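Working through the structure, step by step
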Amino acid sequence: MPVYAYLLLSFVLFLIGTSGVILRRNALIVLMSIELQLNAGNLAFLSFARAPGDQKGNVFTFFVIALAAAEAAVGLAILVGIFRTRQTANLDEITLMKR
Amino acid sequence: VLETLSLTDVSPPEIAVFVILALGTLGGALYTITRRNPVTAVMSLVATFFALAALYATLDAHFVAVLQVLVYAGAIMVLFIFVVMILNREEVQPISFKGIVTRALGVMAVAYISYLGAWVVWSQRAQKGSAIASLLNSGSAAPPVGYGTVSGVGMSMFREFVFPFEAISLLLLVAIVGGLIVSRSAHQTELAEERARHIEEVRAKAGPEIKLLPGGEPAEGADDAHAAAGHH
């Protein structure tokens, strides 16, 4: 398949992920939407790497996957910590740093 | 139609596979962000990641496709499932209506940016003869030998990207330590502080030579040393 088809798919996937981040109030779903956004970026990296046959895009995707793993670990740990102290995973109620 | 989409040299099965995988990816993603039950959302996200891994495989990125299944569908999603089990709350109102106008504006802005990006790709693709168009329309030619395999990617990673690779290992270490510290409960912190205070007390009583077991108790024979230090 030509590169542009993958790119269009990547744009739509990123849009879905961002909508999830903005619209949802469950912190867990927001973290999952961030994973969707990162995967949309991976798809664009790989489709651009494929046409010229350059391996660097694959290496970058590897780094993004490692980064996503670190982000998920820390994000979920923060979520568990917040849930322990405040008994909620609702982002509208976690407003301590607003005041 | 195939001519305008520059699909003339793409075989019909390939198109069919791409369409199925793309629909699976988008459907899974939409299902993920609309579910009320977090377990359903996680499961559909796993399905999305499997479809994405297959898409990566159609892009000849075999190594990354395997990584996607192992790391994303395996490790990260198991982590998510664990946290879902800890939290285990049904949402009353999954969509947040607090500040809905701002949120809707944000979604519209992102939709507009995505539309612009897609429009740029689509219009550049149609420009006959330009370098960008030939890049965007390419994809059917076979990649160089070793492209996307473990050895090919490994060669690139350990020749050109050794420093970022080591930096990533440091990042993962920081993430492990940070995750442990952040998710620690207040009770555990209290216990650890108490243990540390106990160790300090024993050390202060016994002088600097005493050997301590990990729990903070003096090691065997240390009682004599303690007594000697006391009489001294």
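Here goes a summary of the coordinates provided. (Residues numbered from 1 in each chain as written. Chains lettered and ligands numbered in written order. Predicted model: local features only at pLDDT ≥ 70, side-chain atom pairs only at ≥ 80, totals over all residues. Heavy atoms only, no water.)

**Looking at the overall build of chain A**
In plain terms, the rule: Numbered from the N terminus, helices here are DSSP runs of H or I no shorter than four residues, and strands are runs of E no shorter than two. Atoms counted for the radius of gyration: C-alpha only. Globule rule: 2.2 Å times residue count to the power 0.38. The contact criterion used throughout is that any non-hydrogen atoms of two residues lie within 4.5 Å.
Within chain A one finds three helices and zero strands. Reading chain A from its N terminus to its C terminus gives the helix and strand order α-α-α. Computed over its C-alpha atoms, the radius of gyration of chain A comes to 17 Å, more than 25% above the 13 Å expected for a compact globule of 99 residues. Dimensions of chain A, computed from the C-alpha atoms along their principal axes, are close to 50 × 25 × 20 Å. Look at the contacts in chain A between residues 6 or more apart in sequence, and 54% of them connect residues 24 or more apart.

**Quick word on the interface of chain A and chain B**
Rule in force here: A 1.4 Å probe defines the accessible area here, and the buried area is the portion of it lost by two parts on being joined, summed over both. Between Lys or Arg on one side and Asp or Glu on the other, a salt bridge is scored when a side-chain nitrogen of the former is within 4 Å of a carboxyl oxygen of the latter. We call two N or O atoms a polar contact when they sit within 3.5 Å, provided that within protein one can donate a hydrogen and the other can accept it, with sequence-adjacent residues counted only if both atoms are side-chain atoms.
Between chain A and chain B, the contact holds 70 residues from the first and 90 residues from the second. The junction of chain A with chain B conceals about 7,200 Å² of combined surface from both sides, 75% of it contributed by carbon and sulfur atoms. The largest per-residue losses of area from chain A upon contact with chain B belong to Met1(A), Tyr4(A) and Arg50(A), which jointly make up 12% of the total buried on that side. One can count two salt bridges joining chain A with chain B. When the shortest N-O distance is used, the salt bridge between Glu160(B) and Lys56(A) registers 3.6 Å. The interface formed by chain A and chain B holds 15 residue pairs in polar contact (both at pLDDT 80 or more) in total.

**Examining the pattern of salt bridges**
What counts here: For every residue, the accessible area (1.4 Å probe, protein chains only) is compared with the maximum for its type, and the residue is labelled buried under 20%, exposed over 50%, or partly exposed between those bounds.
One pass over the full model with this rule turns up three salt bridges over all chains. The residue Lys56(A) makes a salt bridge to Asp54(A) at a minimum N-O spacing of 3.9 Å. Asp54(A) sits in the partly exposed class, given a relative accessible area of 35%. The network of salt bridges with common partners includes Asp54(A), Lys56(A) and Glu160(B).

**Details of the packing of aromatic side chains**
Filter applied, for reference: Geometry of aromatic contacts follows a simple scheme: Phe, Tyr and Trp rings, the Trp one being its six-membered ring, pair when their centres are within 6.5 Å, and the pair is stacked under 30 degrees between planes, edge-to-face over 60, tilted otherwise. Any Lys NZ or Arg CZ that is within 6 Å of a ring centre and within 35 degrees of that ring's normal is treated as a charge sitting over the ring.
Here the structure, examined in full by the defined rule, presents 12 aromatic pairs over all chains. Aromatic pair Phe60(A) and Phe63(A): ring centres 6.4 Å apart, planes at 75°, arrangement edge-to-face. Of the two residues, Phe60(A) and Phe63(A) are both situated in helix 3 (residues 56-86); the distance of three residues between them amounts to about one turn of the helix. What links up through ring pairs into an aromatic cluster is the set Phe45(A), Phe60(A), Phe62(A), Phe63(A), Phe63(B), Phe158(B), Phe161(B) and Phe165(B). The residue whose ring lies beneath Arg35(B) is Tyr31(B), and the NZ or CZ to ring-centre distance is 4.0 Å.

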